[in-house]
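What the coordinates show
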Amino acid sequence: MTGLILENVEKFYGSACAVADVNLHLPPGKLVCFLGPSGCGKTTLLRMIAGLETLSGGEIRLDGEDIGQTPAHLRNFGMVFQSLALFPHMTVGENIAYPLKLRGVSKAEQQARVVELLELIQLQAMIDRPVAKLSGGQRQRVAIARAIASHPKILLLDEPLSALDAKLRESMQVEIRQLQQRLNITTIMVTHDQREAMTMADIVVVLGEHKVQQVGTPIEIYRCPANEFVADFIGSGNIFPATVLGDGKVGLPGGDALQVPICSSIVAGQKVKMLIRPEDLQLSAPQATAGNRLLGKVTFVRDIGATIETTVECSGVTFTALSTPCQGIGLGIGHPVSVTLPPEACRVLGA
Ligand code: ATP
């Protein structure tokens, strides 16, 4: 099978588990993000793929070949670290040529490749400039050019943008994505920034508590989170307790019932957690309770300019609703309000 396959991969430091039971198939040419909170094992997993960390168990195969024991320098993977690890005393050109020099590539070929890569990253005029005299974004681009200089099979990026300010970070996200698509190079990027993962990746691998929690496209992960951990980590969500009543209904703590999609494995009487995204809640002038329209009371309003966040107490649950100013119905603290939870937007979360 083509692509990168991880089978039952695990890593222990002594008796402490860093990564457990990872099974993944990453198809070629995709940008994959390893996303998760600090300490969940993202970097360890990336370093095992790079060959910089040994496996405590499991297998890693690339295009059918077992590479689990192959030394890092024989894997031909490009890597960009958080620190970038550029050589400050070298020029831009020398930094990019460095991996080619190590491989014994002729001077003429090195020069040609450096020129080609500088054109790709739009830094042609800076070939002789010491990297110490570059801006953060320019250094970033040089680090990526160096990582792809020897035509690696896979590009591995470990939080490459975390040192940049928010604006530069956003423009580099677009640059990296465009470069990756132009080169069609399989890329794995570690990030703890869910917005970064959602906007850049073809496939998101959500890690939590040293395990893979879910693998999917950004929209699958957002709309259909596999469990409470993913629902809570990705985007903002209203996660609330409910009791399954049967007939496709759940009961809220305050006694109201909601019609929701329920799979057959969930039985009446079961306590579950539900998710509804803030943008899916509909607020309107108070009317009698009917169907999934309940009565509530506004407890807080936060106007952030482009959007308005309204907090509402409703049937024993605190919900946050997101609306735009033009949808606004002029709500203030203490106002009664009707809250509609469209059935298709309500999701019962797995354990
Ligand atoms: P962050 O986002 O903070 O970089 P991460 O998700 O990349 O975190 P890892 O760096 O992979 O997490 O670490 C996973 C776990 O393994 C953590 O509990 C960490 O303390 C532990 N760990 C990592 N490297 C070592 C090591 N060399 N020796 C012992 N424990 C380690």
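Note that the coordinates shown come from a computational prediction; the quantities given were computed from them, not determined experimentally. Just so you know, the residues in each chain are numbered from 1, in the order the chain's sequence is written. Only residues with pLDDT of at least 70 get local features here, since the model is predicted, and only at 80 or more are side-chain atom pairs given and counted; chain-wide, interface and lining totals rely on the full set of residues. Where side-chain values are given, they derive from all heavy atoms of the structure, hydrogens and water being excluded.

**Concerning the overall build of the chain**
The following threshold applies: By definition, any uninterrupted DSSP run of H or I lasting at least four residues is a helix, any uninterrupted run of E lasting at least two residues is a strand, and each is numbered from the N terminus. Contacts are assigned to residue pairs with any non-hydrogen atoms lying within 4.5 Å of each other. Residue burial considers only the protein chains on display, and all accessible areas are found by Shrake-Rupley using a 1.4 Å probe. In this tally, Asp and Glu contribute negative charge and Lys and Arg positive charge; neither His nor the terminal groups of the chain are included. We put the charge of a Lys on NZ, of an Arg on CZ, of an Asp on CG and of a Glu on CD.
Along the backbone of the chain there are eight helices and 20 strands. Of the contacts formed within the chain by residues at least 6 apart in sequence, a portion of 67% connects residues at least 24 apart. Counting every atom, the chain has about 16500 Å² of accessible surface; 53% of that belongs to carbon and sulfur. Between the averaged position of the 31 positive side-chain charges in the chain and that of its 33 negative side-chain charges there is a distance of 4 Å.

**Structural notes on the packing of aromatic side chains**
Short version of the rule: The pairing test for Phe, Tyr and Trp rings, Trp by its six-membered ring, is centres within 6.5 Å, and the orientation test on the planes gives stacked under 30 degrees, edge-to-face over 60, and tilted for anything in between.
Across all of its chains, the model carries three aromatic pairs by this definition. Ring centres of phenylalanine 229 and phenylalanine 233 lie 6.0 Å apart, and the angle between their planes is 10°; on these two criteria the pair is classed as stacked. Placement of both phenylalanine 229 and phenylalanine 233 in helix H8 (residues 228-233) is noted, with a separation of four residues, approximately one turn of the helix.

**Overview of the domain arrangement of the chain**
Selection rule: Reported domain spans reflect what an automatic or database domain assignment gives. Each of two parts loses accessible area, computed with a 1.4 Å probe, when they are put together; buried area is these two losses added. For this document, the term salt bridge refers to a Lys or Arg side-chain nitrogen within 4 Å of an Asp or Glu carboxyl oxygen. N or O atoms within 3.5 Å of each other form a polar contact, as long as, within protein, one can give a hydrogen and the other can take it, and as long as residues adjacent in sequence are counted only when both atoms are side-chain atoms.
The domain boundaries assigned to the chain delineate domain 1 (4-232) and domain 2 (236-350). Relative placement of domain 1 and domain 2: their C-alpha centres are 39 Å apart. Opposite the ten residues of domain 1 that make contact, domain 2 presents nine residues. Overall, the association of domain 1 and domain 2 removes approximately 900 Å² of surface from exposure, summing both partners, and the carbon and sulfur fraction of that is 43%. Looking only at domain 1, the three residues that lose the most surface to domain 2 are Tyr222, Arg223 and Glu228, adding up to 54% of its buried area. Counting across the interface, domain 1 meets domain 2 through three salt bridges. In this structure, aspartate 280 and arginine 223 form a salt bridge, with 2.6 Å as the shortest nitrogen-oxygen distance. For the pair domain 1 and domain 2, the number of links is six residue pairs in polar contact (both at pLDDT 80 or more). Sorting the residues of the side of domain 1 that touches domain 2 by element identifies helix H7 (218-223) and H8 as the ones contributing at least two each.

**Concerning the sheet that holds strand S19 (residues 336-340)**
Condition: When DSSP finds two or more bridges between two strands, those strands count as paired. Angles here are taken between N-to-C directions and fall from 0 to 180 degrees, while the axes themselves are lines fitted to C-alpha atoms, restricted in helices to the stretch in contact.
Read from one edge to the other, the open sheet built from five strands follows the order S15-S19-S16-S17-S18, with strand pairing classed as antiparallel. On the outer flanks of this sheet lie strand S15 (282-284) and strand S18 (317-323), each paired with one strand and no other. Along the sheet, successive strands turn relative to each other by an average axial angle of 45°, direction set aside. Inspection of the sheet shows S15 paired to S19 by three bridges, in the antiparallel sense. In the sheet register, glutamine 282 faces S19, and the bridge partner there is threonine 340.

**Looking at the nonpolar core**
Put simply, the rule is: What we call a nonpolar core is a set of buried Ala, Val, Leu, Ile, Met, Phe, Trp, Tyr and Cys residues that are connected through their side-chain atoms within 4.5 Å. Only protein chains enter the accessibility calculation, which uses a 1.4 Å probe; a residue is then buried when its area is under 20% of its type maximum, exposed when over 50%, and partly exposed in between.
Of all hydrophobic cores here, the largest spans 44 residues; its most connected members are Val80, Val92, Ile96, Leu118, Val142 and Ile234. Among the elements that make up this core, the one with the highest residue count is helix H4 (residues 136-148) (six residues). What valine 80 contacts, discounting residues up to four positions off in sequence, is Gln140, Ala143, Ile144, Ala147, Leu156, Leu157, Asp158 and Pro160. By size, the runner-up hydrophobic cluster in this structure holds 28 residues, among which are Val9, Leu62, Met79 and Val205.

**Regarding the environment of valine 9**
Locating valine 9 in the fold gives a position in strand S1 (residues 4-13). Looking at valine 9, the relative accessible area reads 0%, which means it is buried. Between the alpha carbons of valine 9 and valine 22 there is a distance of 4.9 Å; along the sequence they are 13 residues apart. Ignoring sequence-local partners within four residues, the contact set of valine 9 consists of Val19, Ala20, Asp21, Val22, Leu45, Met48, Leu55, Gly57, Gly58, Glu59 and Ile60.

**Some words on the site of the ligand**
Note the threshold: One heavy atom within 4 Å of a molecule or strand is enough for the residue carrying it to be called near that molecule or strand.
Taken together, Tyr13, Ala18, Pro37, Ser38, Gly39, Cys40, Gly41, Lys42, Thr43, Thr44 and Glu159 form the complete shell of residues around the ligand. Here an oxygen atom of the ligand sits 2.6 Å away from a polar atom, N or O, in the side chain of serine 38. Contacts to the ligand include threonine 43, whose side-chain N or O atom sits 2.8 Å from an oxygen atom. A total of 640 Å² of accessible area belongs to the ligand in isolation, and the protein chains cover 56% of it. In terms of residues, the shell around the ligand owes the most to one element, helix H1 (residues 42-50), which gives three residues.

**Observations concerning the packing of helix H2 (residues 92-102) against H4**
The test is simple: Any angle from 65 to 115 degrees is called roughly perpendicular, while one under 35 is roughly parallel, one over 145 is roughly antiparallel, and all others are oblique. Crossing handedness: left-handed means the near helix sits turned counterclockwise from the far one by under a right angle, and right-handed means the same turn made clockwise. In this classification, the charged set is Asp, Glu, Lys and Arg, the nonpolar set is Ala, Val, Leu, Ile, Met, Phe, Trp, Tyr, Cys and Pro, and all remaining amino acids, among them Gly, are polar.
Their axes nearest at 7 Å, the elements H2 and H4 cross at an angle of 30°. The angle between H2 and H4 places the two elements in the roughly parallel class. As for how H2 packs across H4, the hand of that crossing is right-handed. Of the residues in H4, those in contact with Val92, Asn95, Ile96 and Pro99 of H2 are Val142, Ala145 and Arg146. Counted by class, the contact of H2 with H4 contains five nonpolar, one polar and one charged residues.

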